[in-house]
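Residues per chain, in single letters:
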Amino acid sequence: MLHNPIRKLLGMPAGGSGSSIHAVSIVEMRSYEARLWHGLVQPVIQNSYVSSTSAPDGRVRADWDWNWPRIRATAGLYNLLGPIVRWGCVRSLCVVVDGPRHKAVPVGMLAAVPNLETTAFGLKEGRAFTWFLADAPKELYTEVLHMPVLQDVARVLIDCTIQLALDDGHGGSLILHASPDGGPRLQQFYLRLGMQQLPEGAGAVTPLRFRHRTDEYFLFDDVQAAAFCSTFEGQR
């Protein structure tokens, strides 16, 4: 597993007063966690949110119709084809917390490539690639787990991608695609993290990823990635 994982997160009650510290674990995603998310968390997302393509003025989430068992299976297929298509090995991780009866419940899901050949800005370079990430909605904590809402889970998942790259001996530079299903708020989230937004028409981001608009991609260089990860130093 990760050599330097985040181990604790701040929890805030729905009312917003007071806070608490909660232990979390970063674990390899098994079929169990993927199926548990699909049965427990995904219905909460679909009942409480929409995608921006269906209702741009609603409560938007990019992962409204995601299927994590299918994503995990697709990652396994890419791992078989990786040497052929120049796609690095996909790692599937999740953030888990103790739920009812001390049952570990996933509150964050990640599929990432520690070292992907990219061509952003016309430069061929290996970068970590956050392929899919999803953090549990606040309704899971308040209506299902009955516990404070854990903060910064999405940021933890990005940190996990960087840590995967560092653990494999690569730099921390990271690139990801902001799905248009997440609407403008998703892009604003990545900009608030300090990520660079690629300009429109910048060319293929990887030899095989050229169908998305390049301004939907965001990246950290090595220095920015290190600065981002340093914000969690007291939580590892």
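What you see is a predicted model; the values in this text were computed from it and never measured. (Residues numbered from 1 in each chain as written. Predicted model: local features only at pLDDT ≥ 70, side-chain atom pairs only at ≥ 80, totals over all residues. Heavy atoms only, no water.)

Draft legend 1. Representation of helix α4 (residues 153-167) within the structure. Its 15 residues give α4 an end-to-end C-alpha distance of 20 Å, which sits within 8% of 21 Å, the value for a rise of 1.5 Å per residue. With 13 of 15 residues buried, α4 lies mostly within the body of the structure. Phi turns positive one or two residues past the end of α4, at Gly-169, with a value near 85°. (Helix = DSSP H or I, 4+ residues; strand = E, 2+ residues; numbered from the N terminus. Expected span 1.5 Å × (residues − 1). Buried < 20%, exposed > 50% of the residue type's maximum accessible area, 1.4 Å probe, protein only.)

Draft legend 2. Representation of the nonpolar core in the model. With 69 residues, the main nonpolar core has Trp-68, Val-107, Tyr-141, Ile-158, Tyr-190 and Phe-220 as its most contacted residues. It is α4 that provides the largest number of residues to this core, a total of nine residues. (Core = buried A, V, L, I, M, F, W, Y, C linked by side-chain atoms within 4.5 Å.)

Draft legend 3. Highlighting the sheet that holds strand β1 (residues 8-12). What the three strands build is an open sheet, ordered β2-β1-β7; its pairing is antiparallel. With partners counted over all chains shown, the strands left at the sheet margins are β2 (20-23) and β7 (149-150), one partner each. Two strands pair when backbone bridges link them, and β1 and β7 are joined in this way by two bridges, in the antiparallel orientation. The residue of β7 that forms the bridge with Gly-11 is Leu-150. (Pairing = 2+ DSSP bridges.)

Draft legend 4. Representation of the sheet that holds strand β5 (residues 104-118) in the model. Spatial ordering of the open sheet is given by β3-β4-β5-β6-β8-β10-β9, a layout of seven strands whose pairing is mixed. Whereas interior strands pair on both sides, the edge strands pair on one side only; in this sheet they are β3 (25-28) and β9 (196-197). By the bridge criterion, two bridges tie β9 to strand β10 (residues 217-220) in an arrangement that is antiparallel. The residue bridging Gln-197 from the neighbouring strand is Phe-218, located in β10.

Draft legend 5. Focus on the packing of aromatic side chains. Throughout the structure, instances matching the rule amount to nine aromatic pairs. Between Trp-66 and Trp-68, the aromatic rings sit 6.2 Å apart at their centres with planes inclined by 70°, giving edge-to-face as the arrangement. By relative accessible area, which is 1% here, Trp-68 ends up buried. Just above the ring of Tyr-49 sits the side chain of Arg-59; from NZ or CZ to the centre is 4.3 Å. Residue placement shows Arg-61 over the ring face of Tyr-49; its charged tip is 5.6 Å from the ring centre. (Phe/Tyr/Trp six-rings, centres within 6.5 Å; stacked < 30°, edge-to-face > 60°. Lys NZ or Arg CZ within 6 Å of the ring centre and 35° of its normal.)

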